[in-house]
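Each chain, letter by letter, is given below.
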Amino acid sequence: MNARQDLPSSVTQPRLEPRPLDETVYARAQLEGLNELQARLLASRLPGYQGALKPLVAPSLRYLAHPEKLADGRRAAERIAQAVTEGESIGILTDYDVDGITSHVVIRRTLVELFGVPEARLHSLIGHRIHDGYGISLPLVERTLSLSPRPTLVITADCGSSDEPRIARLKEAGIDVVVSDHHALAVEGPPGSAYACVNPTRSDCTYPDKTIAGCMVAWLVMSLARHVLIEWGALPEATPKLSPWLSYVALGTVADCVSLGGSPANRAVVSQGLTLINRMDAACWRAMAQRLGQDSMPFNAETLAFQMGPRINARSRLDDPYAALHFMLAESDAIANRQLDVLDDDNQSRKAIEADMAQEARALAAVELAADAMALVVLLEDGHPGVQGIVASRLVHAYGRPALVLTRAAQPGMLTGSGRSIDGLHLRDALQRTHELAPEALPRFGGHSGAAGVGVPREQLAAFKAAFLQAVNEQLGDTPLYPRLWTDGELSSQQLTLATLDDIDVLGPYGREFDPPLFEGRFIVEALRPVGADGSHLMMELSHGPVTCKAIWFRALTPGELPSFDVGDTLHCAYKLNRNRWRGRESLQLMVEHARLA
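This section reports on the structure supplied with the text. What you see is a predicted model, and the numbers here were worked out from it, not measured in a lab.

## Quick notes on the overall build of the chain
At step 1: Scanning the chain from N- to C-terminus turns up 18 helices and 17 strands.
At step 2: The globule rule puts the C-alpha radius of gyration for 598 residues at 25 Å, and the 24 Å found for the chain is close to it.
At step 3: Projected onto the principal axes, the alpha-carbon positions of the chain cover approximately 75 × 60 × 50 Å.
At step 4: Relative to its 598 residues, the chain shows a buried fraction of 57%.
At step 5: Relative to all contacts within the chain whose residues are 6 or more apart in sequence, the contacts with residues 24 or more apart total 67%.
At step 6: About 24700 Å² of surface is accessible on the chain, with carbon and sulfur atoms providing 51% of the total.
At step 7: If you average the places of the 57 positive and of the 71 negative side-chain charges in the chain, the two averages end up 2 Å apart.

## Things to note about the state of the cysteines
At step 1: Under the definition given, this model contains zero disulfides.
At step 2: In this structure Cys-205 is not part of a disulfide, and its nearest cysteine sulfur, from Cys-197, lies 9.7 Å away.
At step 3: Cysteine Cys-257 remains unbridged, with the sulfur of Cys-215 as its closest cysteine sulfur at 12 Å.

## Re the layout of surface pockets
At step 1: Put simply, the second largest pocket is a space of about 560 Å³.
At step 2: In this structure, the second largest pocket is lined by 25 residues; those nearest its centre are Arg-109, Glu-113, Tyr-248, Leu-329 and Ala-330.
At step 3: For the lining of the second largest pocket, the secondary structure elements donating two or more residues are helix H5 (98–114), helix H9 (246–255), helix H10 (264–277), helix H11 (283–292) and helix H13 (322–329).
At step 4: For the lining of the second largest pocket, the per-class residue count stands at 14 nonpolar, three polar and eight charged.

## Details of unusual backbone geometry
At step 1: Cis geometry marks the peptide bond from Ser-148 to Pro-149; its omega dihedral reads -5°.
At step 2: When you line up the elements, Pro-149 lands in the loop between helix H6 (138–145) and strand S4 (153–157).
At step 3: With an omega dihedral of 10°, the bond running from Gly-508 to Pro-509 counts as a cis peptide bond.
At step 4: In this model, Asp-158 sits at a positive phi of 65°, which is unusual for a non-glycine residue.
At step 5: Inspection of the secondary structure puts Asp-158 in the loop between S4 and helix H7 (164–172).
At step 6: The class of Asp-158 is buried, set by a relative accessible area of 1%.

## Details of the sheet that holds S4
At step 1: One open sheet accounts for five strands, arranged S3-S2-S4-S5-S6; its pairing is parallel. If you trace the sheet from one side to the other, it starts and ends with strand S3 (122–126) and strand S6 (196–198), each paired once. Strand after strand, the sheet turns through a mean of 15° between neighbouring axes, direction not considered.
At step 2: Against the sheet, helix H8 (residues 214–231) makes contact with S4, strand S5 (176–180) and S6, and its axis sits at roughly 125° relative to S5, the strand it touches most.

## Some details on the pattern of salt bridges
Here the idea is simple: oppositely charged side chains can pair when their charged atoms come close.
At step 1: For the structure on display, the rule yields 37 salt bridges.
At step 2: The shortest N-O distance in the salt bridge between Arg-444 and Asp-163 comes to 3.1 Å. Taken as a pair, Arg-444 in strand S10 (residues 444–447) and Asp-163 in the loop between S4 and H7 lie far apart in primary sequence, 281 residues in all.
At step 3: Asp-163 sits in the buried class, given a relative accessible area of 1%.
At step 4: In the salt-bridge network here, residues are joined through shared partners; they are Asp-502, Asp-505, Arg-579, Arg-581 and Glu-586.

## What about the sheet that holds strand S11 (residues 451–457)?
At step 1: On the basis of which strands lie adjacent, the open sheet formed by five strands has the order S7-S8-S9-S11-S10 and mixed pairing. In this open sheet, the two strands that pair with only one neighbour each are strand S7 (376–379) and S10. Here the strands of the sheet are splayed against their neighbours by 15° on average, with no regard to which way each runs.
At step 2: Where strand S9 (residues 414–420) lies against S11, seven bridges are found, and the strand directions are antiparallel. Counterpart to Thr-416 in the pairing with S11 is Gly-455.
At step 3: Packing against the sheet, helix H16 (residues 427–437) makes contact with S9, S10 and S11, and its axis sits at approximately 160° to S10.

## Some points on empty space enclosed by the protein
At step 1: Evaluated as defined, the whole model comprises two cavities of 30 Å³ or more.
At step 2: Estimated volume of the second largest cavity: approximately 60 Å³.
At step 3: Class assignment of the residues belonging to the lining of the second largest cavity gives a composition of three nonpolar, five polar and two charged.

Basis of the calculations
- Residues numbered from 1 in each chain as written.
- Predicted model: local features only at pLDDT ≥ 70, side-chain atom pairs only at ≥ 80, totals over all residues.
- Heavy atoms only, no water.
- Helix = DSSP H or I, 4+ residues; strand = E, 2+ residues; numbered from the N terminus.
- Rg over C-alpha atoms; globule rule 2.2 N^0.38 Å.
- Buried < 20%, exposed > 50% of the residue type's maximum accessible area, 1.4 Å probe, protein only.
- Contact = heavy atoms within 4.5 Å.
- Areas by Shrake-Rupley, 256 points an atom, 1.4 Å probe, with all protein chains shown as cover.
- Lys, Arg positive; Asp, Glu negative; His and termini not counted.
- Charge placed at Lys NZ, Arg CZ, Asp CG, Glu CD.
- Disulfide = S-S within 2.5 Å.
- 1 Å grid on protein atoms, 1.4 Å probe; cavity = no way out; pocket = protein on both sides within 12 Å on 5 of 7 lines; lining within 4 Å.
- Points joined across faces, edges and corners; volume = space filled by probe spheres on them.
- Nonpolar A, V, L, I, M, F, W, Y, C, P; charged D, E, K, R; others polar.
- Pairing = 2+ DSSP bridges.
- Axes fitted to C-alpha atoms, helices over the stretch in contact; angles between N-to-C directions.
- Salt bridge = Lys/Arg side-chain N within 4 Å of Asp/Glu carboxyl O.

Below is the structure:
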């Protein structure tokens, strides 16, 4: 293969930079028995960490704090227990993403299977991403008020903290609202009309971990409700705990990209949840395992992040989210497989839409980059609102800047958008500052440090953009912005073994703020060939000293493009170690993330 061509000019080459190492954590880790590589990985992911290492290295549910520590936790649990014992009709209102769907499953299965609430007394309320928008939207309120029998209690999950006007409307109609959420609260504090607001980010909340996902908050609230019902004598002491539902909490936690770094709680629930998932007790897990193939087993956090999460999210991005809920709740393999077909079809459609939108977004971002803007704000007039966040992530990855992608909203005269951030910028705080600078330009927003959503009047777009860029500049200052890949340094040829991968796996689960290890090094290309339906992936054999490894580089080429290197060339690669399973046999494979001629 002798033809060569330079990389397309539209592709921005990231810099490979070694992760900074916390020498104190590095020394502590080795004193506690970790080998040099494990200590290095830990010390580069926990800068400034002063807590005990064991809860992170050996995750366990015993490190979970009691839900009584949640502000309003007891009040919320007692209101739910009252509704159960008095036969009230209950609404379950959750967000439409994976965190919301898994929260919904936790609440519903607990009410039905553990508390004995008849299905006829429950209402599932999940907003449509495009027509209703995020949270307790006005259309959802109207839908709730039209239900028969009308619920007297609504339990939210993964939403509600900034929905005071809609909660007030429900309260006026005689409906109590128990909010369980993890998103940042409004400046005014918890919604005053809510019967209870359980959110670990509350300033008066003593729960020690502020980073837990919405599904975890819901799990804790329902666990406390079980405790209350037993206290009241309404349930027997032998009523099972909610431990089996941690499989759903694990999925929601990974998919919502909350911290898996210095969070013993998140690491514990993901670790325990994966153990439960791999027992394959639920039809949804069995259907996914069958779809991915036997070689995908056992599932790990990356399976949840890149296989299950996108399929569940795809449904709500393009259509109503109930197929995702039915998939998670499926009682038979046949139903689960049927629903998974729907999710798969939507995911393929989402990929095609995303590719077109990302191409347009990159062209618009070029103008922003030419002006050296510290953040990218692009309006895709014909873009699909369900794919905004993914496209924003693509821009962040390509250009190393925070990004907001806007499209037309269903409401006339309004734009809706999703943003993604970078290390060093708290996106929700930046939007709060934007609102302070230009309140009329940002009437509605919400989110957390890494991701957020906005509603912007079209006529105020210029004012919004100016205020947002000022807010970003205030946080980032003189921080240099460029795409980068943090690496964990080099491995010797002797370390290119499955034993090294075993050492790495011991420190899992990996996820946000505890990234899977990415190494760098120089390799000689011994063989290569494009693979995939459109020839966009590269299968290679790479040698490092006396060792030759098989390697795969996904999306290395645009369709029709030829590699810019050939057999015999030396590549500087950024890569992960992967366990390649084939017909029951395992071998080491390198997953190349980036490569250039050395």
